[in-house]
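Each chain, letter by letter, is given below.
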Amino acid sequence: MKKGTFIYSLISSLFCLSFFISATAQIDIKNTGLPFITHYTRHDYKAGAQTWSIAQDERGVMYFGNNSGLMEYDGESWNLIPMPNDSYVRSVFKSSDGKIYAGAYNQFGFISADEKGNTIFQSVSDNLPSAYSDFGETWGIFEMPWGIVFHSFSSVFTYYGELKPLVTNQSLNFAHKANDRLFIGHNKQGLMEITPRGLSLVPGGELFKSKSISSILELTEGKLLICTSFNGCYLYDGTSFRQWETPISELGRKNQIYRGISLRNGYFAFTTIKDGIYFFDHNGNIKLHLNRDYGLQNNSAISIFVDNSENLWVGLDNGIDYLNINSAVTNIFPVNNIGTGYVSLKKDEHIYFGSNQALYHYNWEEENIEASLNPNKVNGIDGQIWNIQEFNGHILCGAHNGTYELIGKDAYPVSNVLGGWKFLPTSGNNDYLIGGTYTGLILIKHTPSQIPHFEFIKEIEGFDFSCREMEVDNKGYLWVSHVQKGVYRIGLKPTMDGIQTINFYNRKNGLPSDFNNSVFKIKGAVLISTVDGIYRFNARRQAFEKDEKLSAAVGPEKIDKFYEDNYDNIWYFTQDKLGVLRTNFQGEFYAEILPHKELKGNFVTNYEHVLPLNNQHYIISTQDGFVHFDKSYSSLDENKSDILLRKLSTASNEVLFGGNFVNSEQQLQTHQPFDQLIEIPNKDNSLRFEFSANSYSNQDKIEYSYKLEGKDKNWSEWSENSTIEFRKLSPGKFTLLAKSRNGANAESEQFTYTFTILKPYYLKPAFIVLYIVVFAGLIYLVVFLMRRKIEKETDILQKKQEKELKEQQKEHNHEKLIQEQEIIRLRNEKLNIENERNRAELENKSKELASIVMRISYSNDLLNRTREQLMKVVNKMVHTESKQQVQRLVNSLEKELNQDDDWKQFEVHFDQVHENFIQHLREQYTELTPKDLKMAAYLRMNMSTKEIAQLFNLSTRGVETSRYRLRKKMGLDREANLTDFLLGVR
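Residues numbered from 1 in each chain as written. Predicted model: local features only at pLDDT ≥ 70, side-chain atom pairs only at ≥ 80, totals over all residues. Heavy atoms only, no water.

**Q** In this structure, what is going on with the overall build of the protein? I would like to understand it.
**A** When helices and strands are tallied, the protein shows 13 helices and 67 strands. Relative to the compact-globule value of 30 Å for 986 residues, the protein shows a C-alpha radius of gyration of 58 Å, a clear excess of over 25%. Along the first, second and third principal axes, the C-alpha atoms of the protein reach 185 × 110 × 55 Å. Within the protein, buried positions represent 51% of all 986 residues. For the protein, restricting intrachain contacts to residue pairs at least 6 apart in sequence, the fraction spanning at least 24 positions comes to 51%. As displayed, the protein offers around 48300 Å² of accessible surface, 48% of which is attributable to carbon and sulfur atoms. Side-chain charges in the protein split into 109 positive and 120 negative, and the spacing between the mean points of these groups amounts to 9 Å. (Helix = DSSP H or I, 4+ residues; strand = E, 2+ residues; numbered from the N terminus. Rg over C-alpha atoms; globule rule 2.2 N^0.38 Å. Buried < 20%, exposed > 50% of the residue type's maximum accessible area, 1.4 Å probe, protein only. Contact = heavy atoms within 4.5 Å. Areas by Shrake-Rupley, 256 points an atom, 1.4 Å probe, with all protein chains shown as cover. Lys, Arg positive; Asp, Glu negative; His and termini not counted. Charge placed at Lys NZ, Arg CZ, Asp CG, Glu CD.)

Given below as structure tokens:
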């Protein structure tokens with residue numbers, strides 16, 4: 001729901017302020033305050049522009065006759081109930097039995113509910129004979145001892161069990177009920193009275209022939225005030241009429257009175273077509289004129305209604321306004337009339353108001369409405385006002401431009417040092433004041449014998465920080481807090497014209513932070529408000545310590561400002577709340593929070609202000625100006641917060657309950673009748689409950705709590721969410737308990753709603769019987785199938801046994817064959833083992849041959865080197881005999897090198913190992929020389945070219961040449977591998 005809230009004057013601030021001065025005045029302050037107004041536009045209620053009539057049922061739900069039909073509003077949501085013929089609803093009325101009646105074009109009836117609790121319109125006029133059915137707009141509905149009366153501008157009908165036409169085909173105007181009589185204007189005859197027998201002319205009523213009577217109000221002693229739209233007002237004493245020449249009568253004549261209503265304590269209100277609403281007393285004196293310039297959405301007010309909380313609803317030509325006239329908090333001036341409020345002070349006949357724009361004064365003795373709405377500026381001062389204080393009967397005012405004295409309507413400059421924050425008397429010398437400014441401290445002297453009564457002495461040197469928050473303790477020290485630095489304790493010189501000592505305290509001295517520390521004074525003690533509660537200075541330790549009791553009393557929020565009044569109240573401000581600290585009989589602090597939504601978030605942070613006028617009435621500064629608070633006042637709306645279930649729907653948005661309980665008499669009621677317990681299919685076991693609480697003046701402060709018996713053990717935490725959802729509830733019976741509380745923490749009566757989640761269809765008795773039958777059938781089928789299965793398995797078993805015998809015989813034969821094959825395998829394994837043994841022996845012998853060959857090669861190489869060395873020696877020898885001996889030795893070595901004994905020995909061993917390889921090779925290839933056979937043997941032994949070269953005493957190239965010759969003699973192709981070929985020779 002979208003709301004626009006504006007605060008404007010309703011009854012003159014003259015009476016408000018005069019009451020401030022005298023606590024014994026007989027005027028009820030709440031009939032003279034400046035109420036807050038809530039605007040509802042077409043975008044909020046999504047219907048037609050004009051609202052013609054208003055009513056409220058026993059539950060607190062509001063109804064509005066609108067161009068689009070009948071609107072229903074419960075504080076959370078709007079609902080439009082169209083008429084059967086989609087016509088305008090001109091009249092709405094609640095009867096003594098709680099029924100809401102509505103009248104439209106050729107239609108009237110009452111509000112009821114269908115089987116699901118959805119709001120419906122039940123027509124009464126449909127029972128009229130066709131001859132009377134075209135009666136036009138239903139402009140009024142009233143209750144008389146003889147029935148409900150409906151009237152149009154042509155007909156009157158009564159409904160008391162049955163519907164009867166009382167008057168038809170007449171030229172009528174509006175009807176009005178007063179002093180238990182029902183009057184109606186007749187355009188041709190005048191003022192008439194409606195009785196069970198029809199119409200009768202009021203004696204002298206012909207005076208009102210051709211006059212449109214807009215209102216008839218009850219005065220004292222049985223007198224009536226009869227007002228017309230264009231011809232002023234008249235007094236009727238029961239026998240005669242006389243013109244009521246009063247200011248309201250003249251203004252009503254000028255601006256076309258449309259509706260009138262009585263307020264409590266002898267006040268009245270007229271709505272007009274041209275100029276809003278006029279409020280006046282029984283003498284016709286205007287107390288306030290409220291129009292578009294002063295709060296209403298527009299000037300055409302066409303309906304007005306006092307609700308159960310004694311607040312006003314006004315239907316306009318375009319929109320609806322809610323006037324919270326029954327509140328402990330009212331605004332002193334229209335919004336933004338004087339700017340943002342900072343400070344106020346009452347002195348004699350004057351009340352001063354300092355704002356961000358100027359300093360204003362109000363003389364409570366002036367009986368002038370315009371003056372109350374537009375206070376006068378004080379002469380000689382302008383701009384931002386910071387402080388107003390009284391000393392010894394004289395007033396100092398601190399402003400942006402400096403410091404002034406206020407005398408009546410004039411201001412006299414005292415100091416031009418910018419920023420007069422605060423003034424404190426010095427310890428031991430009341431003639432001097434210490435002033436805090438933007439740039440430090442100043443000294444001011446009180447001089448009562450001259451004007452101005454204060455004299456600026458000097459700026460005190462040695463401290464040049466802003467001194468907005470400061471206090472003097474009982475030892476004369478000046479404490480100054482700086483929001484960005486910390487806390488200073490300043491000791492002044494005895495002459496007060498200079499600083500003797502400065503001590504600085506921050507987090508190192510026990511404060512929880514260097515920032516956001518505020519100094520204040522309570523019960524003579526200087527305290528510091530911090531981000532972590534309230535702290536006191538321990539002089540012995542020269543450090544700060546937390547005051548646990550006081551911190552616990554005010555709660556965890558940072559306190560922006562404290563103010564102790566003369567009535568043992570300690571006021572404190574947080575960012576969006578105002579509270580009062582009081583002490584109980586044990587001397588312990590306890591806190592009370594002001595619940596009024598008008599104050600929430602409306603303070604000027606760090607510049608909050610409260611002015612006690614007496615122990616009951618207070619002025620509080622706000623961003624919109626100043627408000628008046630009557631702490632002893634308790635409005636009906638603050639003590640009441642009824643909770644209603646407005647809708648029950650499923651997860652698929654199917655509405656199970658539309659919000660209306662109806663008894664057997666078709667009357668709407670708050671609680672669920674015992675015979676209307678709902679049963680919900682199991683498929684819809686996820687539910688959404690939507691609640692409302694019709695505390696219209698505190699709608700944004702409503703909180704809800706609930707408990708679902710059958711599921712929850714404890715109540716839920718308080719929440720502003722008016723919707724409760726449950727997912728996948730099990731089958732069973734549940735009772736939902738819900739309650740609400742408003743901004744004053746007043747709880748509603750506990751609401752209960754019982755419902756049952758049905759079992760799934762497959763768990764119902766009929767299905768259970770079906771399950772038993774099916775189960776029994778399944779058992780029979782299983783037994784039958786088991787028997788068939790046993791028979792079949794027996795036959796299969798016999799065939800299987802025969803088959804197994806054959807398989808066993810076959811397997812026996814197969815095993816016999818396997819055993820024979822195993823014997824063969826074992827024999828082969830034995831042969832393989834022998835072959836492996838032979839192969840191992842062959843390898844050993846091959847190794848021996850290779851060893852022999854290598855030894856031969858080594859020996860030949862050694863002998864050859866020795867021969868070569870000896871040859872070198874022979875060539876160098878001179879002695880003939882010695883040379884001959886050495887030569888014989890060389891010849892002997894050559895003989896050894898050429899002998900073939902080694903080869904023959906090698907050939908014998910080689911053929912033994914390699915199955916006569918050399919012999920087979922010699923037989924197959926007769927052209928092979930001994931050297932060729934040696935080469936073939938070495939290649940079969942898989943010797944490398946290098947090893948062969950050593951054995952033949954050849955180069956590697958020579959070995960390759962020998963291999964080539966061998967290939968050629970054996971006739972091998974180039975692609976054939978010589979070594980592989982020789983390995984295959986047998």
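**Q** Would you explain the domain arrangement of the protein in this entry?
**A** Domain parsing of the protein yields domain 1 (341-556), domain 2 (677-763), domain 3 (771-832), domain 4 (847-899) and domain 5 (900-985). The C-alpha-based centres of domain 1 and domain 3 are spaced at 110 Å. (Domains from an automatic or database assignment.)

**Q** Sorry if this is basic, but what is going on with the nonpolar core here?
**A** Nonpolar side chains tend to gather and get buried jointly when the protein is soluble and globular. F917, L921, I948, L966 and M970 are the most contacted members of the largest nonpolar core, which totals 26 residues. Within the residue set of this core, elements represented by two or more residues are α8 (901-913), α9 (917-924), α10 (930-940), α11 (945-952), α12 (956-970) and α13 (978-983). Top contributing element to this core by residue count: α10, with 6 residues. When residues no more than four places from it in sequence are discounted, the contact partners of I948 are M935, Y938, L939, M943 and V959. Formed by 25 residues, the second largest nonpolar core is a distinct cluster that contains F661, L687, A693 and A738. (Core = buried A, V, L, I, M, F, W, Y, C linked by side-chain atoms within 4.5 Å.)

**Q** When you look at the state of the cysteines in this model, what are you seeing that I'm missing?
**A** Disulfide: a covalent bond formed between the sulfur atoms of two cysteine residues. In this structure the tally under the stated criterion is 1 disulfide. Here C227 engages in a disulfide with C233; their sulfurs sit 2.4 Å apart. Since a negative S-S torsion denotes a left-handed disulfide, the C227-C233 link at about 105° is right-handed. Of the two residues examined, C227 and C233, each falls in the buried class. Distance from the sulfur of C397, which forms no disulfide, to the nearest cysteine sulfur (C467) is 18 Å. For C467, a relative accessible area of 0% gives the class buried. (Disulfide = S-S within 2.5 Å.)

**Q** Help me understand the packing of α10 against α11, please; the structure alone is not making it clear to me.
**A** The description of two helices packed together rests on the angle between their axes and the distance between the axes. Running from N to C, α10 and α11 cross one another at 145°; their axes reach a closest spacing of 11 Å. The two elements α10 and α11 meet at a crossing, and its hand is right-handed. Along the contact surface, α10 presents K931, K934, M935, Y938 and L939, while α11 presents I948, L951 and F952. In terms of residue class, the contact of α10 with α11 is built from 6 nonpolar, no polar and 2 charged. (Axes fitted to C-alpha atoms, helices over the stretch in contact; angles between N-to-C directions. Left-handed = near helix turned anticlockwise from the far one by under 90°. Nonpolar A, V, L, I, M, F, W, Y, C, P; charged D, E, K, R; others polar.)

**Q** Looking at this structure, how should I read the sheet that holds strand β39 (residues 422-426)?
**A** Strands belonging to one sheet form pairs held by backbone hydrogen bonds; the direction of such a pair is parallel or antiparallel. Taken together, 4 strands build an open sheet; the order of strands is β39-β40-β41-β42 and the sheet is antiparallel. Strand pairing shows two members of the sheet lacking a second neighbour, β39 and β42 (454-460), which therefore form its edges. Averaged over all adjacent pairs, the angle separating strand axes in this sheet is 30°, with direction ignored. Of the pairings in the sheet, the one linking strand β40 (residues 429-437) to strand β41 (residues 440-446) comprises 6 bridges and is antiparallel in character. In the sheet register, G436 faces β41, and the bridge partner there is L441. (Pairing = 2+ DSSP bridges.)

**Q** Help me out: how do you make sense of the layout of surface pockets in this one?
**A** Remark: the empty space left among the atoms is shown by a probe the size of a water molecule rolled over them. Of the voids in this model, the largest pocket is the one considered here, and its volume is about 1400 Å³. Every residue lining the largest pocket is counted, 41 residues in all, and those nearest its centre are N387, Q389, K422, E471 and Y563. When residues of the lining of the largest pocket are traced back to their parent elements, those giving at least two are β31 (341-347), β35 (385-391), β39, β43 (469-472), β47 (518-522), β51 (561-564) and β55 (610-612). No other element matches the 6 residues that β35 contributes to the lining of the largest pocket. Residues belonging to the lining of the largest pocket are distributed by class as follows: 22 nonpolar, 7 polar and 12 charged. The calculated volume of the second largest pocket comes to roughly 1200 Å³. Considering the residues around the second largest pocket, the lining is formed by 44 residues, among which F142, G260, I261, I304 and F305 are closest to the centre. Among the secondary structure elements, those contributing two or more residues to the lining of the second largest pocket are β3 (51-56), β7 (89-94), β11 (140-144), β15 (172-178), β19 (213-218), β23 (257-262) and β27 (301-306). Of the residues belonging to the lining of the second largest pocket, the class tally is 20 nonpolar, 14 polar and 10 charged. (1 Å grid on protein atoms, 1.4 Å probe; cavity = no way out; pocket = protein on both sides within 12 Å on 5 of 7 lines; lining within 4 Å. Points joined across faces, edges and corners; volume = space filled by probe spheres on them.)

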